[in-house]
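So the chains spell out like this:
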Amino acid sequence: MENMVIRAAISGTGLFTPNESISNDELVDAFNKWVEQFNSDNATKIAAGELAAKEPSSSAFIEKASGIKSRYVMNKSGILDPARMKPSLPERHNDEPSIQCEMAVSAAREALHQAGRTAEDIDAVIVACSNLQRPYPAVSVEIQAALGINGFAYDMNVACSSATFGIQAAYNAVQAGNARAVLVINPEICTAHLNFRDRDSHFIFGDACTAIVVEAVRDDTASNAFEILGTQLKTLYSNNIRNNFGFLNRCDESGVDLPDKLFIQQGRKVFKEVVPLVSTMIQEHLSEIGLSAEDVTRMWLHQANLSMNQLIAKKVLGREASATEAPVILDEYANTSSAGSIIAFHKYKDDLAEGEQGVICSFGAGYSAGSVLLKKLG
Ligand code: CO8
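Cut-offs applied
- Residues numbered from 1 in each chain as written.
- Predicted model: local features only at pLDDT ≥ 70, side-chain atom pairs only at ≥ 80, totals over all residues.
- Heavy atoms only, no water.
- 1 Å grid on protein atoms, 1.4 Å probe; cavity = no way out; pocket = protein on both sides within 12 Å on 5 of 7 lines; lining within 4 Å.
- Points joined across faces, edges and corners; volume = space filled by probe spheres on them.
- Nonpolar A, V, L, I, M, F, W, Y, C, P; charged D, E, K, R; others polar.
- Helix = DSSP H or I, 4+ residues; strand = E, 2+ residues; numbered from the N terminus.
- Buried < 20%, exposed > 50% of the residue type's maximum accessible area, 1.4 Å probe, protein only.
- Salt bridge = Lys/Arg side-chain N within 4 Å of Asp/Glu carboxyl O.

**Digging into empty space enclosed by the protein**
Right, so step 1: One pass over the full model with this rule turns up two cavities of 30 Å³ or more.
Right, so step 2: Approximately 50 Å³ is the volume attributed to the largest cavity.
Right, so step 3: Lining of the largest cavity is provided by Arg117, Asp121, Arg180, Ala181, Glu215, Ala216 and Arg218.
Right, so step 4: Split by residue class, the lining of the largest cavity holds two nonpolar, no polar and five charged.
Right, so step 5: Of the voids in this model, the second largest cavity is the one considered here, and its volume is about 40 Å³.
Right, so step 6: Taken together, Ile10, Ser11, Gly12, Thr13, Gln114, Asn224, Ala225, Phe226, Phe345 and Lys349 form the lining of the second largest cavity.
Right, so step 7: In terms of residue count, the dominant contributor to the lining of the second largest cavity is strand β1 (residues 8–16) (four residues).
Right, so step 8: Across the lining of the second largest cavity, the residue classes break down as four nonpolar, five polar and one charged.

See below:
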């Protein structure tokens, strides 16, 4: 029997945005109050040259260096309390939905609605994100049960590239006939993993959750769906973005709450190394399937840094990209890790005409990068 090629498409997306947001000024105010207290508490040591005084943060620096103006968060009061500086997210009873499950169900319902599908149409759930709130039972299995989906579910983690790696896994499952449709969900609570006392990075992240329906193209596939033309993934080991927080910490007496156990990065190095890696990858991926930069109407890029995105888009296009060609959401959302490029896609996809093409591209820790080429169906 002849092998039928199963075409696959992204037929729906959903977005959960937390209710609370923090402006740069609010964040900097809390940080600077903490700095004042720290310097006053340690005045003798600082005067003796035994300890360096902490420097204040600045909203002007944050916006200029990153393009970030605000971020949505799961809990604002805990982050802005100079005596605490971390979200307050009490543990829930085992019988209650977990925080990530709650975020995921909200985003997934919107994605299903957009795709015109129900739980009965889905055969698998992949939770792909940077930070899972527990290793087991898998968060994806909890979400699967909460949505009433049959089939199978699993969690995966490739930091900021988790969504594109998840899309490839879903695409493969659909093409192999293992699933008619797969939900890929990216619940990111980045603020729980961020050291709000670190001046270099306290402004970088926000929280959000995205959901994507990947399905085999059928006669009744939603008319605003995007066919997946191809996916390409790349990883290259680097210590420039790292965290060592995990179960092994109890085996090390130095404790779990030290700054280097949370998110740390060499931002400048990341910028310099990731821009060429990603722009080359997009170009190679396009040429591999016989396309060139002119064939691409939109680039939904990972949202970490505005200048980084402008530079990547410029390298791909050979000219400056307009805000329409490479939409920005990081000004409002900050870096939401794997959810970022999907938020951009979710918000800026409906105006593409039938046949127009675009690329979702993620990049981040690992290093990892993922490119998904798409064509709008009619
Ligand atoms: N306020 C005022 N001044 C500051 C501040 C601040 N908050 N922070 C630093 N400065 C000062 C520095 O001290 C330095 O001063 P000097 O010149 O006197 O030494 C000056 O500003 C410049 O500092 P930098 O060189 O650090 O500043 P950059 O221009 O490089 O900007 C950025 C910093 C914004 C971090 C930038 O480097 C960047 O965005 N790089 C790209 C990073 C990136 O893309 N990372 C991807 C990470 S996301 C990811 O992979 C997901 C990980 C998993 C998710 C984890 C969830 C938490």
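Still more ground to cover, so stick around.
**A closer look at the environment of Ala115**
Right, so step 1: Among the structural elements, Ala115 can be located in helix α5 (residues 99–115).
Right, so step 2: Of the residues examined, Ala115 reaches a relative accessible area of 3% and is grouped as buried.
Right, so step 3: Considered as a pair, Ala115 and Thr280 are 165 residues apart in the sequence and their alpha carbons are 32 Å apart.

**Comments concerning the pattern of salt bridges**
Right, so step 1: This model, assessed by the stated rule, comprises 13 salt bridges.
Right, so step 2: The salt bridge partner of Arg117 is Asp220, with a shortest N-O separation of 3.0 Å. Here the residue Arg117 occupies a position in the loop between α5 and β4 (124–128), and Asp220 occupies one in the loop between β7 (207–216) and β8 (226–235), the gap between them amounting to 103 residues.
Right, so step 3: The class for Arg117 is buried, based on a relative accessible area of 8%.
Right, so step 4: Taking relative accessible area as the criterion, Asp220 reaches 46% and is therefore assigned partly exposed.
Right, so step 5: Three or more residues are tied together by salt bridges with common partners; here these are Arg117, Glu215, Arg218 and Asp220.

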